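Listed below, chain by chain, are the residues.
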Amino acid sequence: MKNDIWNKIKECLKEEIGASNYKNWLYAVQFKTLEGGIAFLEAPSNFHVEWVSQYYGESILRLLKERDPSIIRLHFSVSKSAKSSAGTDQSDANARDEFEIGISNRKKEYLHPNLTFDSFVVGESNKIAYHAACSIVQGGLKNYNPLYFHGGVGLGKTHLMHAAAWALRSKYQNSTVMYLSAEQFMYEFVYALKFKKIFEFKESFRSVDVLMIDDLQFIAGKESTQNEFFHTFNALFDQGKQIVLSGNRSPAKIDGMSDRIISRLQSGLVVDLHPADYELRLKILKYKYDQFIKTGGGVKVEEGVLEFIARHFSRNVRELEGALNRVTATGFLMRRPVAEADAKQMLSDFIKESDRRVALDEIMRQVAAYFDVSVSELIGSNRARIYTRPRHIAMFLAKELTHHSLPEIGRFFGGKDHTSVIYAINRTKKLIGDDSGTENDIDIIRRNLSD
Ligand code: ADP
Ligand code: MG
């Protein structure tokens with residue numbers, strides 16, 4: 001970042017806080033350098049540093065981030081020239097002349113109060129991960145160290161880690177359970193290097209009883225941080241301390257992760273979280289909706305609304321929550337119960353967006369691949385069930401996910417007429433009603449299509 005950007009930011013701040021505050025406080029703040037995502041700023045005195053960091057720190061950080069998203073933290077200190085001319089005694093431990101603003105302060109480390117085991121809804125796709133997280137608390141996992149969770153975004157990895165951390169802290173009150181993201185780990189490391197605090201850094205990590213590091217993929221490709229992580233890991237592991245980690249992929253699939261870390265991860269228990277199936281999605285929605293009602297949310301939703309959301313938001317729990325929030329919030333403004341048709345309208349932007357991406361040939365390819373039949377078998381006329389079931393499902397999805405008419409769909413799937421398409425759709429609906437396997441198959445294909 002260059003000084004001219006800093007000057008622009010100062011101009012914005014001047015508008016925000018007014019000319020006289022600006023003159024008193026921000027005018028004299030200087031931008032020094034940017035390193036490892038930390039912007040280093042200096043002001044003329046202790047008092048000045050304290051004031052600016054406290055009252056304007058958040059705004060400065062926000063404006064900097066808008067221009068350079070890699071900046072995650074501010075570091076304020078008293079400018080050197082001011083220190084020497086004022087003869088400040090730098091050994092005076094009470095005079096705080098350095099301040100930090102940003103996400104990476106471990107003292108501000110935060111476990112979300114709502115992310116507990118009680119609020120985690122368990123189903124087929126996450127039950128192993130759930131039991132693994134519980135066993136750390138029960139102490140039954142001695143042989144599974146480290147424990148590594150992986151899965152796509154919004155599937156509950158962070159939730160489970162917070163839940164385990166809460167439970168451990170309440171069960172073993174004298175032990176230290178440290179939870180942080182890999183990003184925080186890296187910035188603490190960079191910071192320790194810069195301020196020659198590596199000894200303290202190592203001490204603080206190596207003295208914990210349980211270390212949890214979330215989103216480990218963040219340190220992929222970052223050699224020196226990986227190196228430090230590796231040594232921290234070994235030090236704790238050798239003392240028999242529990243280590244819990246998460247990442248977005250299975251160990252070997254994280255590009256840019258060193259082999260020795262991968263092999264450490266693989267030596268423990270590796271658990272993956274899958275996207276929730278329809279049944280679990282509905283269960284989660286029901287749970288969240290009940291919570292919402294219990295905590296005084298005034299909106300009722302009619303029969304079919306939660307099912308509608310569960311059907312259309314299948315990728316992850318975060319999306320599911322987002323859709324429910326939107327429906328309840330809009331419902332609140334309507335001041336009447338939300339019907340399925342309302343929900344459809346409220347969510348139409350989000351649903352249409354995923355529809356647009358799906359083309360008929362993509363459906364054809366994905367369905368064929370999923371059921372392991374060739375495209376020509378899929379659109380052919382062989383009546384064996386191994387072909388008819390995928391064929392019917394493909395037409396069902398074509399109707400659901402595209403805006404093509406029935407005759408168009410029929411033509412596309414091997415020159416069939418529209419009555420065949422109606423038949424296929426009805427057959428599939430019946431299968432969905434008869435067994436949950438079909439719903440699951442369709443669900444996975446839908447998801448593959450939206451990836
Ligand atoms: P990840 O860390 O895997 O990206 P999170 O743990 O942040 O995902 O989960 C995303 C959101 O979904 C959070 O609000 C979390 O509480 C919620 N969530 C995920 N899985 C469940 C579940 N099984 N039950 C209840 N809420 C869940
Ligand atoms: Mg997470």
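Residues numbered from 1 in each chain as written. Chains lettered and ligands numbered in written order. Predicted model: local features only at pLDDT ≥ 70, side-chain atom pairs only at ≥ 80, totals over all residues. Heavy atoms only, no water.

It is worth spelling out the sheet that holds strand β9 (residues 269–272) at this point. Read from one edge to the other, the open sheet built from 5 strands follows the order β6-β7-β8-β5-β9, with strand pairing classed as parallel. Each edge of the open sheet carries a strand with a single partner, namely β6 (177–181) and β9. Each strand of the sheet is rotated relative to its neighbour by a mean of 15°, with strand direction disregarded. Sheet topology note: the strand β7 (residues 210–214)/strand β8 (residues 242–247) ladder contains 4 bridges and is parallel. Residue pairing for β8: Val210 is matched across the bridge by Gln242. Of the strands in this sheet, β5 (147–150), β6, β7 and β8 touch helix α6 (residues 157–171), which is tilted by about 160° from β7. On the sheet, helix α7 (residues 182–194) packs against β6 and β7 and is oriented at approximately 95° with respect to β6. (Pairing = 2+ DSSP bridges. Helix = DSSP H or I, 4+ residues; strand = E, 2+ residues; numbered from the N terminus. Axes fitted to C-alpha atoms, helices over the stretch in contact; angles between N-to-C directions. Contact = heavy atoms within 4.5 Å.)

Before going further, it helps to spend a moment on the site of ligand 1. Taken together, 18 residues surround ligand 1, and among them Val121, Gly154, Lys157, Thr158 and His159 come closest. A distance of 2.7 Å separates an oxygen atom of ligand 1 from a polar atom in the backbone of Gly154. The separation between an oxygen atom of ligand 1 and a polar main-chain atom of Gly156 is 3.0 Å. About the coverage of ligand 1: the protein hides 91% of its 550 Å² of free accessible area. When atom positions are compared with the pocket grids, ligand 1 is found to occupy the largest pocket. For the shell around ligand 1, the elements supplying multiple residues, two or more each, are α6, α11 (278–294) and α13 (317–334). Of the residues contributing to the shell around ligand 1, the split by class is 7 nonpolar, 7 polar and 4 charged. (Near = heavy atom within 4 Å. Polar contact = N/O pair within 3.5 Å; in protein donor to acceptor, adjacent residues only side chain to side chain. Areas by Shrake-Rupley, 256 points an atom, 1.4 Å probe, with all protein chains shown as cover. 1 Å grid on protein atoms, 1.4 Å probe; cavity = no way out; pocket = protein on both sides within 12 Å on 5 of 7 lines; lining within 4 Å. Sits in = over half its atoms within 2 Å of the grid points. Nonpolar A, V, L, I, M, F, W, Y, C, P; charged D, E, K, R; others polar.)

All chains considered together, the criterion is met by 1 cavity of 30 Å³ or more. Computed from the structure, the largest cavity encloses a volume of approximately 40 Å³. Around the largest cavity sit Ser125, Asn126, Leu155, Leu273, His274, Ala276, Leu280 and Val317, which together line it. Here the residues of the lining of the largest cavity sort into 5 nonpolar, 3 polar and no charged. (Points joined across faces, edges and corners; volume = space filled by probe spheres on them.)

So, on to the layout of surface pockets. Volume-wise, the largest pocket comes out at about 860 Å³. In terms of lining, the largest pocket is formed by 29 residues, of which the most central are Leu115, His159, Lys288, Val317 and Glu321. Of all the secondary-structure elements, those providing two or more residues to the lining of the largest pocket are α6, α11 and α13. Ranked by residue count, the leading element in the lining of the largest pocket is α13, at 6 residues. Classifying every residue of the lining of the largest pocket gives 10 nonpolar, 14 polar and 5 charged.

Time to look at the pairing of β6. Extensive coverage of β6 is indicated by the burial of 5 of its 5 residues. Neither face of β6 is open: one carries Val177, Tyr179 and Ser181, the other Met178 and Leu180, and all of them are buried. (Buried < 20%, exposed > 50% of the residue type's maximum accessible area, 1.4 Å probe, protein only.)

Next up on the list: the side chain of Asn316. Summarising the element assignment, Asn316 is placed in the loop between α12 (305–312) and α13. One polar contact links the side chain of Asn316 to the main-chain amide nitrogen of Arg318, over a distance of 2.9 Å. Not counting chain neighbours up to four residues away, the residues in contact with Asn316 comprise Val153, Gly154 and Leu155.

In short, shape yes, function no, at least from these values alone.
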